[in-house]
Amino acid sequence: MGANAVCLEGYKDEAADLIIEMMTETIYENKSLLMDILRQNKTNLQMSLISGGNRYAMGRVNARMSANGAATEYLRGCEYISWINKCCEYDDAALEELLGKMAALAKKVFCRERLTISVSDNVDQALTEKLAAAFAGGEAAPKTASFDLLPACREGILIPAGVGFAVKGAHLKNYGKEYTGSVAVLAKMLGLEYLWNAIRVQGGAYGASFSGTGYGEMVFHTYRDPNPGRSLGCFDESAQVIRDYCKNGGQLDKFILGAVSASDLPLSADGKISLAEARYFKGITHEEVERIHRELLHTGYEQILGLCDTLEEIAKSENICVVGGQPQLDGCGEKLAEIRQILA
């Protein structure tokens, strides 16, 4: 949890004062305002699920692979939507209890022990000291928390739409492997050489891709897909497609260049700060960034073929989530074992 601000240089103090006021002086008493916020959140989240179901489906799949994914699911995924729906039915007593929990949590989170200050070059030391002093005291929440993974499931989530969003994935650690820069090259190969034609051109989906993260998640996903059941089958054929491409001597240079370009995009000042913060909190060192970049540049057939075993394991995975309309979910047949409806 945190706050950030971007402002003209002459308004730095005012921006800091506003952050301090929001975090340390907010009064958690207005039940009517809380209910208004909950209902607005509910509406916004329902619209987001319908228009961007791929993000929520990926969240469900990731929540079955890592503690980070599980935490994210409860903070802004389908589980969060279900919780907001429940809160919108609260009576006055339940709202009063929720306000009390929010006030107590704020004191545990917004305190000196949990404070990390990230600023741009033109912020002086006096301002950072001012921010630090404002959060003195408080009983800090524990440094670590445990999040149980969601149980494996071939899951469908019903939405009122004429399209779907299919996601299927697995984690590298399950196969004794670690993330390397070659995964980014594989992602470009799959996206441009196979998924574009098999799912977008032939299947009519608006988009389809494969992605891997430094955490180890390896995920296929489609966007605005009229036939997600078919797409799940296409995912499972990826390993053989890549093996055939390498066997036939297909070029790798264009995919390496594409992966380099995607990993080294120009960043604004705000973007540079956000990237640095993300690496700091994830414990990603500069040496690790350099290692991944070297692996990317030196990717050859051997590295790509070595990842095909992982693609085959993903094909066997039970970790599936499809967000879609009833016809799209019905079209998945036995590929799905459970259908949920979370929109109230």
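Being a predicted model, the structure only gives us computed values, none of them experimental.

(A) Representation of the packing of helix α2 (residues 31–51) against helix α5 (residues 78–87). Where α2 meets α5, the closest approach of the two axes is 9 Å, and the angle between their N-to-C directions is 140°. Two packed elements cross with a definite hand, and for α2 against α5 that hand is left-handed. In this structure, α2 contributes Met35, Leu38, Asn41, Lys42, Leu45, Gln46 and Leu49 to the contact, and α5 contributes Cys78, Tyr80, Ile81, Ile84, Asn85 and Cys87. Classifying every residue of the contact of α2 with α5 gives 9 nonpolar, 3 polar and 1 charged.

(B) Highlighting the pattern of salt bridges. Tallying each qualifying case throughout the model produces 16 salt bridges. The residue Glu312 makes a salt bridge to Arg243 at a minimum N-O spacing of 2.7 Å. Pair noted here: Glu312 is in helix α14 (residues 301–316) and Arg243 is in helix α10 (residues 238–247), with a separation of 69 residues, a long-range link. Under the relative-accessibility criterion, Glu312 is labelled partly exposed at 34%. Between Arg291 and Glu295 there is a salt bridge whose closest N-O contact spans 2.9 Å. Pair noted here: Arg291 and Glu295 are both in helix α13 (residues 286–297), with a separation of 4 residues, about one helical turn. On the basis of relative accessibility, which here comes to 28%, the residue Arg291 falls in the partly exposed class. Among the ionic contacts, a cluster of salt bridges with common partners joins Arg60, Arg64, Glu73, Glu79, Glu155 and Arg340.

(C) Looking closely at helix α11 (residues 253–263). Those residues of α11 not exposed but buried are Phe255, Ile256 and Ala259. Buried residues of α11, viewed axially, fall in a sector of 100°; they line one side. Turned more than 90 degrees away from the buried face of α11 sit Asp253 and Leu257, all of them exposed. Considering only its buried residues, α11 is in contact with α8 (182–201), α10 and α13.

Rules used in this analysis
Residues numbered from 1 in each chain as written. Predicted model: local features only at pLDDT ≥ 70, side-chain atom pairs only at ≥ 80, totals over all residues. Heavy atoms only, no water. Axes fitted to C-alpha atoms, helices over the stretch in contact; angles between N-to-C directions. Helix = DSSP H or I, 4+ residues; strand = E, 2+ residues; numbered from the N terminus. Left-handed = near helix turned anticlockwise from the far one by under 90°. Contact = heavy atoms within 4.5 Å. Nonpolar A, V, L, I, M, F, W, Y, C, P; charged D, E, K, R; others polar. Salt bridge = Lys/Arg side-chain N within 4 Å of Asp/Glu carboxyl O. Buried < 20%, exposed > 50% of the residue type's maximum accessible area, 1.4 Å probe, protein only. Arc of directions from axis to C-beta.

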